[in-house]
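# What the coordinates show
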Amino acid sequence: MRVVIKKDKQAVAEWAAHYVAYKINRFRPSAKKPFVLGLPTGSTPLGMYEKLIELNQAGKVSFEHVVTFNMDEYLGLEPTHPQSYHYFMFENFFKHINIQQKNIHILDGMTKDYAKECRNYEQAIKDAGGVHLFIGGVGEDGHIAFNEPFSSLESRTRVKTLTDSTIKANSRFFDGDISKVPTMALTVGVGTIMDAEEVLILATGANKANALKHSIEGAISHVWTLSALQRHPHGIILCDRDATGALAPETVDYFLDIEKNNF
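About the criteria used
- Residues numbered from 1 in each chain as written.
- Predicted model: local features only at pLDDT ≥ 70, side-chain atom pairs only at ≥ 80, totals over all residues.
- Heavy atoms only, no water.
- Phe/Tyr/Trp six-rings, centres within 6.5 Å; stacked < 30°, edge-to-face > 60°.
- Helix = DSSP H or I, 4+ residues; strand = E, 2+ residues; numbered from the N terminus.
- Buried < 20%, exposed > 50% of the residue type's maximum accessible area, 1.4 Å probe, protein only.
- Pairing = 2+ DSSP bridges.
- Axes fitted to C-alpha atoms, helices over the stretch in contact; angles between N-to-C directions.
- Salt bridge = Lys/Arg side-chain N within 4 Å of Asp/Glu carboxyl O.
- Contact = heavy atoms within 4.5 Å.

## Remarks on the packing of aromatic side chains
- Per the counting criterion, the structure on display carries 16 aromatic pairs.
- Taking 5.3 Å as the distance between ring centres and 70° as the angle between the ring planes, the aromatic pair formed by Trp15 and Phe263 counts as edge-to-face. With Trp15 in helix 1 (residues 9-27) and Phe263 in the segment after helix 8 (249-258), this pair connects stretches of sequence that are 248 residues apart.
- Given the relative accessible area of 8%, Trp15 is considered buried.
- Assessed through its relative accessible area of 39%, Phe263 is described here as partly exposed.
- Ring geometry for Phe90 against Phe94: centres 5.3 Å apart, planes inclined by 75°, an arrangement best described as edge-to-face.
- Exposure remark for Phe90: the relative accessible area of 24% places this residue in the partly exposed category.
- When its relative accessible area of 3% is taken as the criterion, Phe94 is described as buried.

Okay, here's the thing in structure tokens:
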């Protein structure tokens with residue numbers, strides 16, 4: 001596992017965006033050989049999306065032959081709902097770049113057949129050739145996507161009931177009203193994410209420090225689903241200094257030293 005530590009949230013966004021652009025450009029995608037990108041929602045990746053829009057509009061990276069798969073979607077929210085992840089992605093990213101509509105994949109939170117929707121999503125990822133780079137965030141309790149604590153580390157795309165802590169954390173997007181937050185979601189599984197060739201997890205802020213401590217220095221455990229990244233051959237945690245607050249000083253020093261000359 002790589003741990004890349006930057007000074008603040010803005011530096012994390014800059015590094016992430018340039019890394020995504022680098023990976024796409026190096027791949028040289030085409031219509032017959034698209035680059036497959038897994039994407040998150042939430043406040044953490046917003047800066048990355050803003051910078052990627054800038055890079056795209058400046059002609060430094062193209063999304064014409066990029067296929068995307070989002071991590072999750074709330075159950076029961078229309079795609080036009082301001083807090084749906086469909087709406088989030090189009091407002092904050094897709095409508096500002098040159099991506100083809102047919103290449104965008106987001107789980108359907110209005111489906112009546114959850115199992116079929118999840119099976120079809122897994123099949124779509126396989127049909128695309130698998131995800132080359134899966135980007136995600138992490139919750140305060142160490143969850144990735146909506147894989148809450150005690151989720152199977154081999155899990156696939158499925159329905160998940162959200163914990164009270166996740167609902168409370170996400171209520172900030174619903175005018176602070178917990179009653180407005182959906183209690184269930186469709187999400188890719190931990191196993192789905194770990195199948196990607198490379199996984200990049202973004203973590204910013206002191207509230208993520210405990211999750212990073214358990215996931216980096218602790219044992220692999222379904223209690224902290226991010227810890228599964230320890231077993232991935234190409235896993236990266238990209239974080240700011242605030243998020244490293246609970247790590248041992250020698251751990252921080254090690255990663256600052258070993259990463260100082262890397263991308």
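## Brief notes about the sheet that holds strand 8 (residues 184-187)
- Read from one edge to the other, the open sheet built from 3 strands follows the order 4-8-7, with strand pairing classed as antiparallel. Because the sheet does not close on itself, it has two edges, and the strands there are strand 4 (72-74) and strand 7 (158-161). Within the sheet, the average angular offset between the axes of one strand and its neighbour, ignoring direction, is 30°.
- Summarising the sheet, strand 7 and strand 8 pair through 4 bridges and their orientation is antiparallel. When the bridges of strand 8 are listed, Arg158 appears paired with Thr187.

## Observations concerning the pattern of salt bridges
- Tallied over the entire structure, the rule returns 10 salt bridges.
- For Arg2, the salt bridge identified is with Glu259, shortest N-O distance 2.7 Å. A residue pair is termed long-range when its members are at least 10 positions apart, and Arg2 in strand 1 (residues 2-6) and Glu259 in the segment after helix 8 qualify at 257 residues.
- By relative accessible area, which is 24% here, Arg2 ends up partly exposed.
- Looking at Glu259, the relative accessible area reads 12%, which means it is buried.
- Lys51 is the salt-bridge partner of Glu14, the closest N and O atoms lying 3.9 Å from each other.

## Describing the environment of Gly136
- The topology assignment puts Gly136 in strand 6 (residues 133-136).
- Using a relative accessible area of 0% as the deciding quantity, one classes Gly136 as buried.
- Discounting residues that sit within four places of it in the chain, Gly136 has contacts with Pro40, Met71, Leu200, Ile201 and Leu202.

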